Amino acid sequence: MATADIDNRNRKAAEHLQVLRSLAGELEKAMDAISHNALSDFEESVANQAALSAQLCHLAEDLSASTGSSPAAPESVVGDEFMQEITAANNTLQILNRRYSALLKLSSHSAALMISFFSSFKGQFQEGSGPRLKHQDRKSTRLNS
């Protein structure tokens, strides 16, 4: 029975590692979508990030629950080399998350500046209407005739 618990824990740890790597890939895709102004790609990546994050939370709960029921330490059950891979993937994800956060913050700031800039000109430019334009239209009509 202990072997089945260890195998189950190893399977969950491997899945956890795979999801960490997938989430890192999605962060890279989102940053690429932002840089290429690809809104649909960005929206798709954000949806994938949400799904992967939910999956990570579920896996973390499962792994915590199995650690509590197992007398062995998590590292000895999973293996040092495997835990190093998980730690490395987690570190990579944290670095990407900080870059992604900074990019979103800068993008939001740029968008706010552009909105402010364009709204400051609102109403300053008038469409071609009014008596002056009608007068110019009559002139151009006479000249073309």
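Presented here is a report on the structure given in the accompanying data block. (Residues numbered from 1 in each chain as written. Predicted model: local features only at pLDDT ≥ 70, side-chain atom pairs only at ≥ 80, totals over all residues. Heavy atoms only, no water.)

### Some points on the overall build of the protein
Here is step 1: If you tally the helices and strands in the protein, you get five helices and zero strands.
Here is step 2: Taking all 145 residues of the protein together, the buried fraction comes to 19%.
Here is step 3: Taking contacts inside the protein between residues at least 6 apart in sequence as the whole, the part at least 24 apart equals 82%.
Here is step 4: With an accessible surface of roughly 10600 Å², the protein has 57% of that area assigned to carbon and sulfur atoms. (Helix = DSSP H or I, 4+ residues; strand = E, 2+ residues; numbered from the N terminus. Buried < 20%, exposed > 50% of the residue type's maximum accessible area, 1.4 Å probe, protein only. Contact = heavy atoms within 4.5 Å. Areas by Shrake-Rupley, 256 points an atom, 1.4 Å probe, with all protein chains shown as cover.)

### Focus on the pattern of salt bridges
For side chains of opposite charge, pairing can occur when their charged atoms come near one another.
Here is step 1: A full pass over the atoms with the stated rule returns three salt bridges.
Here is step 2: Put simply, Arg11 and Glu15 hold a salt bridge, and the shortest N to O gap is 3.7 Å. Of this pair, Arg11 and Glu15 both sit in helix H1 (residues 2-35), separated by four residues, roughly a single helical turn.
Here is step 3: The exposure class of Arg11 is partly exposed, given its relative accessible area of 47%.
Here is step 4: In this structure, Glu26 engages Lys29 in a salt bridge whose closest nitrogen and oxygen atoms are separated by 3.4 Å. Of this pair, Glu26 and Lys29 are both found in helix H1, three residues apart, which corresponds to roughly one turn of the helix.
Here is step 5: Among the residues examined, Glu26 registers a relative accessible area of 8% and is labelled buried. (Salt bridge = Lys/Arg side-chain N within 4 Å of Asp/Glu carboxyl O.)

### Some thoughts on the packing of aromatic side chains
Within a pair of aromatic rings, the relevant descriptors are the distance that separates the centres and the angle that separates the planes.
Here is step 1: Scanning the entire structure with this criterion turns up one aromatic pair.
Here is step 2: On the basis of an interplanar angle of 70° and a centroid distance of 5.2 Å, the ring pair of Phe117 and Phe118 is categorised as edge-to-face.
Here is step 3: Given the relative accessible area of 44%, Phe117 is considered partly exposed. (Phe/Tyr/Trp six-rings, centres within 6.5 Å; stacked < 30°, edge-to-face > 60°.)

### Side note on the side chain of Ser45
Here is step 1: For Ser45, the position within the fold is in helix H2 (residues 39-69).
Here is step 2: By relative accessible area, which is 2% here, Ser45 ends up buried.
Here is step 3: Only 2.8 Å separates the side chain of Ser45 from the backbone oxygen of Glu26, close enough to count as a polar contact.
Here is step 4: Apart from the residues lying within four places of it in its own chain, the contact partners of Ser45 are Glu26, Lys29 and Ala30. (Polar contact = N/O pair within 3.5 Å; in protein donor to acceptor, adjacent residues only side chain to side chain.)

### Things to note about the environment of Ala13
Here is step 1: Checked against the element boundaries, Ala13 lands in helix H1.
Here is step 2: For the pair Ala13 and Met83, spaced 70 residues apart in the sequence, the C-alpha separation amounts to 8.6 Å.

### So, helix H4 (residues 80-120)
One turn of the α-helix equals 3.6 residues, which is why residues spaced by three or four share an orientation.
Here is step 1: With 41 residues, H4 should reach 60 Å at 1.5 Å per residue; the first-to-last C-alpha distance of 60 Å fits that figure.
Here is step 2: Regarding H4, the residues found buried are Ile86, Ala89, Leu93, Leu96 and Tyr100. (Expected span 1.5 Å × (residues − 1).)

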